[in-house]
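# Structural overview for review
The chain contents come next:
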Amino acid sequence: MDHAIISAIRQLIGFAPNEIKPQGLTRFATSSRPTNRDGWVRVLPDGIVRFGCWRQGVSSWWRDGDRSHQQAAKRDPQAERAALAKLERERVRIKRVNASIWGLGHLLHEQSPVGQYLSNRGLRDLVEYPAALKMAELPYFDDGLERGVCPVMLGAVTDMQGDLMALHRTYIGPNGKKAPVPQPKKLSRASGPVSGASIKLSKPTIINGKLVLGVAEGIETALACYLASGIPTWSCVSAGGIRSFEWPEGLQSLVVFADNDENGVGQAAARDLAGRAAAAGLEVRVLVPEIGGTDWLDAYLAGGAAA
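A few points on the structure. (Residues numbered from 1 in each chain as written. Predicted model: local features only at pLDDT ≥ 70, side-chain atom pairs only at ≥ 80, totals over all residues. Heavy atoms only, no water.)

### Quick notes on the overall build of the chain
On a plain count of helices and strands, the chain comes out with 7 helices and 14 strands. The C-alpha radius of gyration of the chain comes to 21 Å, within 12% of the 19 Å expected for a compact globule of 307 residues. Taking the principal axes of the C-alpha coordinates as reference, the chain spans close to 65 × 45 × 35 Å. In the chain, which comprises 307 residues, the share counted as buried stands at 49%. A separation threshold of at least 6 residues defines the contact pool for the chain, and within that pool the share at least 24 residues apart is 53%. When the accessible surface of the chain is summed, it comes to about 15,400 Å², and 51% of that surface belongs to carbon and sulfur atoms. With 36 positive and 31 negative side-chain charges, the chain shows a separation of 5 Å between the mean positions of the two kinds. (Helix = DSSP H or I, 4+ residues; strand = E, 2+ residues; numbered from the N terminus. Rg over C-alpha atoms; globule rule 2.2 N^0.38 Å. Buried < 20%, exposed > 50% of the residue type's maximum accessible area, 1.4 Å probe, protein only. Contact = heavy atoms within 4.5 Å. Areas by Shrake-Rupley, 256 points an atom, 1.4 Å probe, with all protein chains shown as cover. Lys, Arg positive; Asp, Glu negative; His and termini not counted. Charge placed at Lys NZ, Arg CZ, Asp CG, Glu CD.)

### Section: the nonpolar core
By size, the foremost hydrophobic cluster in this structure holds 35 residues, and its most contacted members are Leu-118, Leu-123, Leu-133, Ile-199, Leu-223 and Phe-257. Listing elements by their share of this core, those giving two or more residues are helix H3 (113-120), strand S6 (133-142), strand S7 (145-158), strand S8 (164-171), strand S11 (210-216), helix H4 (219-229), strand S13 (253-257) and helix H7 (296-301). Ranked by residue count, the leading element in this core is H4, at 5 residues. (Core = buried A, V, L, I, M, F, W, Y, C linked by side-chain atoms within 4.5 Å.)

### Considerations on H4
All of the buried residues in H4 are Ile-219, Glu-220, Thr-221, Ala-222, Leu-223, Ala-224 and Cys-225. Positive backbone phi, approximately 80°, marks Gly-230, located one or two places after H4.

### Considering the pattern of salt bridges
Inspection of the entire model under this criterion finds 6 salt bridges. Close ionic contact of Glu-90 with Arg-189 constitutes a salt bridge, the shortest N to O distance being 3.1 Å. Note that Glu-90 is positioned in helix H2 (residues 77-104) and Arg-189 in the loop between strand S9 (185-187) and strand S10 (205-207), a separation of 99 residues in sequence. Residues Lys-210 and Glu-283 are paired through a salt bridge, measuring 2.8 Å at the closest nitrogen-oxygen approach. (Salt bridge = Lys/Arg side-chain N within 4 Å of Asp/Glu carboxyl O.)

### Section: the side chain of Ser-112
Take Ser-112: it is sitting in the loop between H2 and H3. Within polar-contact distance, the side chain of Ser-112 engages the backbone oxygen of His-109 at 2.7 Å. (Polar contact = N/O pair within 3.5 Å; in protein donor to acceptor, adjacent residues only side chain to side chain.)

### Some thoughts on unusual backbone geometry
Notably, Asn-208 is not glycine yet its phi reads approximately 55°, a positive angle. You can see Asn-208 is positioned in the loop between S10 and S11. Note on Asn-208: relative accessible area 80%, which makes it exposed. The phi torsion at Val-237 lies on the positive side, around 75°, for a residue other than glycine.

### Remarks on the side chain of Asn-98
Relative to the helices and strands, Asn-98 resides in helix H2. Judged by relative accessible area, Asn-98 falls into the buried class, the value being 4%. At 3.1 Å, the side chain of Asn-98 forms a polar contact with the backbone oxygen of Arg-189. With residues up to four places along the chain from it excluded, the contact list for Asn-98 reads Leu-164, Met-165, Ala-166, Leu-167, Ser-188 and Arg-189.

### What to know about the pairing of S6
Across 9 bridges, the pairing between S6 and S7 is antiparallel. Paired with Lys-134 across the strands is Leu-154, a residue of S7. Taking the residues between adjacent antiparallel strands as the criterion, S6 and S7 are bridged by 2 residues, where Asp-143 takes a positive phi near 55°. (Pairing = 2+ DSSP bridges.)

### Side note on the sheet that holds S9
Pairing between the strands of a sheet comes from backbone hydrogen bonds, and it takes one of two forms, parallel or antiparallel. Overall, antiparallel pairing links the 4 strands, which are arranged S6-S7-S8-S9 in an open sheet. Edge positions in the open sheet fall to S6 and S9, since each of these has one partner strand only. Ignoring which end each strand starts from, the neighbouring axes of this sheet average 35° apart. Contacting S6, S7, S8 and S9, H4 runs over the sheet at an angle of about 45° to S7. (Axes fitted to C-alpha atoms, helices over the stretch in contact; angles between N-to-C directions.)

### A look at the pairing of strand S3 (residues 48-53)
Most of S3 is tucked away, with 6 of its 6 residues classed as buried. Alternating positions in S3 separate into two faces, Ile-48, Arg-50 and Gly-52 on one and Val-49, Phe-51 and Cys-53 on the other, with burial throughout. Where strand S2 (residues 39-43) meets S3, 5 bridges bridge the pair, whose relative direction is antiparallel. Counted as the bridge partner of Val-41 is Phe-51 from S3.

### Some thoughts on the packing of aromatic side chains
Counting across every chain of the model gives 3 aromatic pairs. Measuring from ring centre to ring centre gives 4.9 Å for Tyr-140 and Tyr-171, while their planes differ by 90°; the resulting arrangement is edge-to-face. One end of the pair, Tyr-140, is in strand S6; the other, Tyr-171, is in strand S8, with 31 residues separating them in the sequence. Neither residue differs from the other here; Tyr-140 and Tyr-171 are each classed as buried. Pairing Phe-257 with Trp-296 gives two aromatic rings, centres 6.5 Å apart and planes at 80°, and the pair type is edge-to-face. One end of the pair, Phe-257, is in strand S13; the other, Trp-296, is in helix H7, and 39 residues separate them in sequence. Phe-257 sits in the buried class, given a relative accessible area of 1%. Assessed through its relative accessible area of 9%, Trp-296 is described here as buried. (Phe/Tyr/Trp six-rings, centres within 6.5 Å; stacked < 30°, edge-to-face > 60°.)

Read these as geometric descriptors, not functional statements.
So this is what it looks like as C-alpha cells:
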C-alpha cells in the first residue's frame, strides 16, 4: 500500500496502521490503550481506500496511485463528497442514539450501583454528583454480540457549545466494581469530532482572583483532583483529549493534572496543551504524580495532595 495513504491517515486521525491489508478491513489503535481498535481502513475493489476513526467520528476517501508509474495517492473528490454525505447521515443517526441513551439515564445517588462504584474507587467524599454523569442499564456488546445487561456510568462528552458529541460508558458489576467484561470502559460512536471535547464535571471557579479550571484524563481521576485540590476538574477521557482540549472563554488559569505514564504519553500531551494555553495568555501549571505508572487518583488514594 502506498506510503502516501498511510501518511494521509496519520494526518487525519493522528495514528495509522503499520500495514494495510490488500482486501477487507484493517483495524488499528487510535490511542495508547492496548484494547483500542477504533481506527479502520478498507480497500475497495475499484482501488478506492476508505479510512477513518469511529471514536472521532471522522472518515475520508482516497484513490490508490498507479504504482507501475510510481504515482502518489490522489484524492478522489467525487468519492469524498459521497463519503461526506454518508458520514453526515450517520452522524445524525448517532446523535439521535446518544441523545436517546442519555435521556434514559437518571441522576446518581449514593446507594446506586454507580454511587457504590465511585465509593469503591475511593471517592467517598463526594458531596454531590456532577450533572454530566448519569446511570443507566445498558447491554454490553462484544464483537457485535450482546453479553448481558449492566449498570453503566454515563459521562456526557460535550463540545464548548454544550452539544453532546459522545457518551463515555463505564460498565459496573454486581459488586460495585468494574464489570468483568473485556473492556469495561468504552466511548460511544461520536456524532461529530471529539477533538477538544470533554466531560464537564463542574464549573470553573474563582481562586485568588482568577477563573480557574483543571483537566485530567479519566472521570475518576478528575473527581479525585477536585476532592484533593478544590479545583474544578474536567475529564478529557484520554491523553489525546488532553492534547486537543478546548478551554472555556474567559478562563485565566489552567491546571493540567497529567498521568505519569511509563511511555511518557500523558506527560507529552500535558506539555502540548500547556504550551498552547500559555501562548494564548493563560496561567498554566502541569502537575505529574511522582511515581511512574500512576495517575492522580492513585496519588489521592495514597494520601498525596494534587495541588
